Amino acid sequence: WKGALSYKGLPSRRRVGAVIGIVKLLRVKSFEEFDATLSYISELISLNFGYADTDGNIGYVLTGRTPLRKGKQGSELFPLKGWTGNDSWDEFLPHKDLPKALNPENGYIISANH
């Protein structure tokens, strides 16, 4: 049996941008600034971030580098032959396309970090 395992949650990456993002995160004044600042942190780690402000707004942003895989959509639900290259990660989803929410209609957000 041949197998391969890869996790893109915390690989070795440049960390300077994430440090800048954390510092900027302490000074954001809107959800848009919050999301833009988290784009720096997305280069370092995959986490769910919650947002709330004094105006009663609530929000959610996923960070991280989510891989886009070659091959048939849905095939990632099963073990893949990683040694062939047919199902390799081509690129990563840009931060702007990651899941996020601001003031959802139901009035709440549920999230979990592992």
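This text gives an overview of the structure that appears in the document. Source: prediction; values computed, not measured.

1. Description of the pairing of strand 2 (residues 58-62)
The buried fraction of strand 2 is high, at four of five residues. Pairing of strand 1 (residues 48-52) with strand 2, which is carried by five bridges, proceeds in the antiparallel orientation. Note on strand 2: the bridge partner recorded for alanine 52 is isoleucine 58. Here strand 1 folds back onto strand 2 in antiparallel fashion, the turn holding five residues, of which glycine 56 has a positive phi close to 90°. Bridge count for strand 2 against strand 5 (residues 100-102) is three bridges, and the pairing is antiparallel. When the sheet's bridge partners are listed, valine 61 is paired in strand 5 with lysine 100.

2. Description of helix 2 (residues 31-41)
Residues of helix 2 that are buried: Phe31, Phe34, Asp35, Thr37, Leu38 and Ile41. Angular distribution of buried residues about the axis of helix 2 spans 165°; they occupy a single face of the element.

3. Things to note about the environment of tryptophan 89
Looking at the element boundaries, tryptophan 89 is found in strand 4 (residues 89-92). Sequence separation between tryptophan 89 and glycine 71 is 18 residues; the distance between their C-alpha atoms is 9.4 Å.

4. Re the packing of aromatic side chains
Taken as a whole and assessed by the stated rule, the structure comprises three aromatic pairs. For the ring pair phenylalanine 31 and phenylalanine 34, a centre distance of 6.1 Å and an interplane angle of 40° mean the geometry is tilted. Of this pair, phenylalanine 31 and phenylalanine 34 both sit in helix 2, separated by three residues, roughly a single helical turn. When the ring of phenylalanine 34 is compared with that of tyrosine 51, the centres are 5.0 Å apart and the planes differ by 50°; the resulting orientation is tilted. Remark: tyrosine 51 occurs in strand 1 and phenylalanine 34 occurs in helix 2; sequence separation between them is 17 residues. You'll find phenylalanine 34 and tyrosine 51 in the same group, each marked buried. The structure contains a cluster of three or more aromatic residues connected by ring pairs, namely Phe31, Phe34 and Tyr51.

Calculation rules
Residues numbered from 1 in each chain as written. Predicted model: local features only at pLDDT ≥ 70, side-chain atom pairs only at ≥ 80, totals over all residues. Heavy atoms only, no water. Buried < 20%, exposed > 50% of the residue type's maximum accessible area, 1.4 Å probe, protein only. Helix = DSSP H or I, 4+ residues; strand = E, 2+ residues; numbered from the N terminus. Pairing = 2+ DSSP bridges. Arc of directions from axis to C-beta. Phe/Tyr/Trp six-rings, centres within 6.5 Å; stacked < 30°, edge-to-face > 60°.

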